[in-house]
Amino acid sequence: MKSLIQEGAELTDRALETLLPSAETVPASIHGAMRHSTFAGGKRLRPVLAMQAAVAVAGKLPDGIAQLGAALEMLHTYSLIHDDLPALDNDDLRRGKPTCHVVFGEAIAILAGDALQTRAFEVLANLPVAAEAAVQIMRLVSNAVGTVDGMIGGQVLDIESEHSKPTPELVEAIHRAKTGALIRVSVVAGGVYAGATAAEAAALDTFGRKAGLAFQIVDDVLDMTVDSEHLGKTAGKDLAVEKATWPAIYGIEQSQRDAATLIDEAFAALAPFGSQADGLKSVARYLVERQN
């Protein structure tokens, strides 16, 4: 599992190195900021999920899929840059390093996030697949990062729910949108890239929805149980601002059980792919067993 994730991360990093402007390209400040956050040591889980979903469909890694993974990582990094801003989570630590606005200032950090999002869609538009598949992937990704059941909508719900009593329905809505949507679409987009049928894409969607929710539940638990040094970001922030989290509703032990159950259900959705989905299962298992 570790080697599978490491290999996927290395493929993604090589693609990112090629696809992002160098730190010396004018205007150097924004390109340095984009690279600072993109190459800050992320696990590249979304690209790896896309790659292993493609393997589940095609039996091997399709040529050029690292470009899809790189675009997904750009979108994820853009969301982290903006999420860390003083107007949102106001965090000065991400992946164990100073956040983008701490190093480059708020204005450049905002623009770096904007630029990563723009570049991501440029990369998606130029994926080496049939035009129909590229359009489908762009449509799926656009929806996943949008305001209706997407990442931005989830971020709004998360902000507006602070310092208020959370409900199970609200917490699930936030988690499925803010974090889960990009994880889900990474899986489905990887399958579409590899030529998934409608039935296969639907199975991957079910898997992604359950695995994405499990990932965020585990993230909530880690925020309460792991210190900042090991977590790579400021621990205890959720509790400090009374965020709507899974443990706030169900407690830590039930949260851990819920995450494990969701992964089991996610695995069941992969039955049609047989052993070709073993890599995707391994990544999903890591989502709930990780310690940071």
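Located above this text is the structure these notes cover.
Structure report, in brief. No experiment lies behind these values; they were computed from the predicted model shown.

1. Topic: the packing of aromatic side chains
Logical step 1: Throughout the structure, instances matching the rule amount to one aromatic pair.
Logical step 2: Arranged with centres 5.1 Å apart and planes meeting at 40°, the rings of W246 and Y250 form a pair that is tilted. Within this pair, W246 and its partner Y250 are both found in helix 14 (residues 246-250), separated by four residues, close to a single helical turn.
Logical step 3: With a relative accessible area of 34%, Y250 lands in the partly exposed category.
Logical step 4: Between R290 and the ring centre of F215, over which it is positioned, the NZ or CZ distance is 4.0 Å.

2. Observations regarding the nonpolar core
Logical step 1: Counting residues in hydrophobic clusters, the biggest one holds 82 residues, and the most contacted among them are L68, M74, I137, L204, F207, F273 and L280.
Logical step 2: Broken down by element, this core gets its largest block of residues, eleven residues, from helix 11 (residues 198-225).
Logical step 3: Apart from the residues within four sequence positions on either side, I137 is in contact with L68, L124, L127, A189, V192 and Y193.

3. What about the pattern of salt bridges?
Logical step 1: A complete count under the given rule lists 13 salt bridges for this structure.
Logical step 2: With a shortest N-O distance of 3.8 Å, R285 and D264 are connected by a salt bridge. One end of the pair, R285, is in helix 16 (residues 278-289); the other, D264, is in helix 15 (residues 252-269), with 21 residues separating them in the sequence.
Logical step 3: R285 gets classed as partly exposed once you look at its relative accessible area, which sits at 27%.
Logical step 4: A relative accessible area of 47% places D264 in the partly exposed class.
Logical step 5: Among the charged side chains, a salt-bridge network with shared partners connects D13, R44 and E73.

4. A closer look at the side chain of T245
Logical step 1: By the element assignment, T245 lies in the loop between helix 13 (237-240) and helix 14.
Logical step 2: For T245, a relative accessible area of 6% gives the class buried.
Logical step 3: Engagement of the side chain of T245 in a polar contact is seen with the backbone nitrogen of A248, the distance being 3.2 Å.

5. Re the environment of G59
Logical step 1: For G59, the position within the fold is in the loop between helix 3 (45-58) and helix 4 (65-83).
Logical step 2: Taking the relative accessible area as the measure of exposure, G59 reaches 40% and is therefore partly exposed.
Logical step 3: Expressed as a C-alpha distance, the spacing of G59 and A194, which sit 135 residues apart in the sequence, is 9.3 Å.

6. Describing helix 16
Logical step 1: Its twelve residues give helix 16 an end-to-end C-alpha distance of 16 Å, which sits within 8% of 16 Å, the value for a rise of 1.5 Å per residue.
Logical step 2: In this structure, the buried residues of helix 16 make contact with helix 1 (2-19), helix 3, helix 10 (180-193), helix 11 and helix 15.

7. Some words on unusual backbone geometry
Across the chain, the bulk of peptide bonds are trans and the bulk of non-glycine residues have phi less than zero.
Logical step 1: In this model, V26 is joined to P27 through a cis peptide bond whose omega is 0°.
Logical step 2: Along the polypeptide, P27 turns up in the loop between helix 1 and helix 2 (28-38).
Logical step 3: The phi angle at D149 is positive, at roughly 60°, despite the residue not being glycine.
Logical step 4: Along the chain, the position of D149 falls in the loop between helix 7 (131-144) and helix 8 (151-160).

8. Considering the packing of helix 4 against helix 10
Logical step 1: Where helix 4 contacts helix 10, the two axes come as close as 11 Å, and the packing angle between them is 165°. Looking at the two axes, helix 4 sits roughly antiparallel to helix 10. In the crossing of helix 4 with helix 10, the sense of the turn from one axis to the other is right-handed. Between helix 4, through I65, L68, L72, L75 and H76, and helix 10, the contact on the second element is made entirely by L182, S186, A189, G190 and Y193.
Logical step 2: The class makeup of the residues in the contact of helix 4 with helix 10 is seven nonpolar, three polar and no charged.

9. Considerations on the environment of A181
Logical step 1: Structurally, A181 can be placed in helix 10.
Logical step 2: If we ignore the near neighbours within four places in the chain, the residues touching A181 are A144, D149, G150, M151 and R176.

10. Comments concerning helix 3
Logical step 1: Taking 1.5 Å per residue as the helical rise, helix 3 with its 14 residues ought to reach 20 Å, and the 20 Å between its terminal C-alpha atoms agrees with that figure.
Logical step 2: With 13 of 14 residues buried, helix 3 is to be regarded as a mostly interior element.
Logical step 3: One or two steps after helix 3, the chain reaches G59, where phi turns positive at roughly 85°.

11. A word on the environment of D220
Logical step 1: Mapped onto the elements, D220 comes out in helix 11.
Logical step 2: As a C-alpha pair, D220 and T245 span 25 residues in sequence and 6.1 Å in three-dimensional space.

Here is what the cut-offs are and how they apply
- Residues numbered from 1 in each chain as written.
- Predicted model: local features only at pLDDT ≥ 70, side-chain atom pairs only at ≥ 80, totals over all residues.
- Heavy atoms only, no water.
- Phe/Tyr/Trp six-rings, centres within 6.5 Å; stacked < 30°, edge-to-face > 60°.
- Helix = DSSP H or I, 4+ residues; strand = E, 2+ residues; numbered from the N terminus.
- Buried < 20%, exposed > 50% of the residue type's maximum accessible area, 1.4 Å probe, protein only.
- Lys NZ or Arg CZ within 6 Å of the ring centre and 35° of its normal.
- Core = buried A, V, L, I, M, F, W, Y, C linked by side-chain atoms within 4.5 Å.
- Contact = heavy atoms within 4.5 Å.
- Salt bridge = Lys/Arg side-chain N within 4 Å of Asp/Glu carboxyl O.
- Polar contact = N/O pair within 3.5 Å; in protein donor to acceptor, adjacent residues only side chain to side chain.
- Expected span 1.5 Å × (residues − 1).
- Axes fitted to C-alpha atoms, helices over the stretch in contact; angles between N-to-C directions.
- Parallel < 35°, antiparallel > 145°, perpendicular 65-115°, else oblique.
- Left-handed = near helix turned anticlockwise from the far one by under 90°.
- Nonpolar A, V, L, I, M, F, W, Y, C, P; charged D, E, K, R; others polar.

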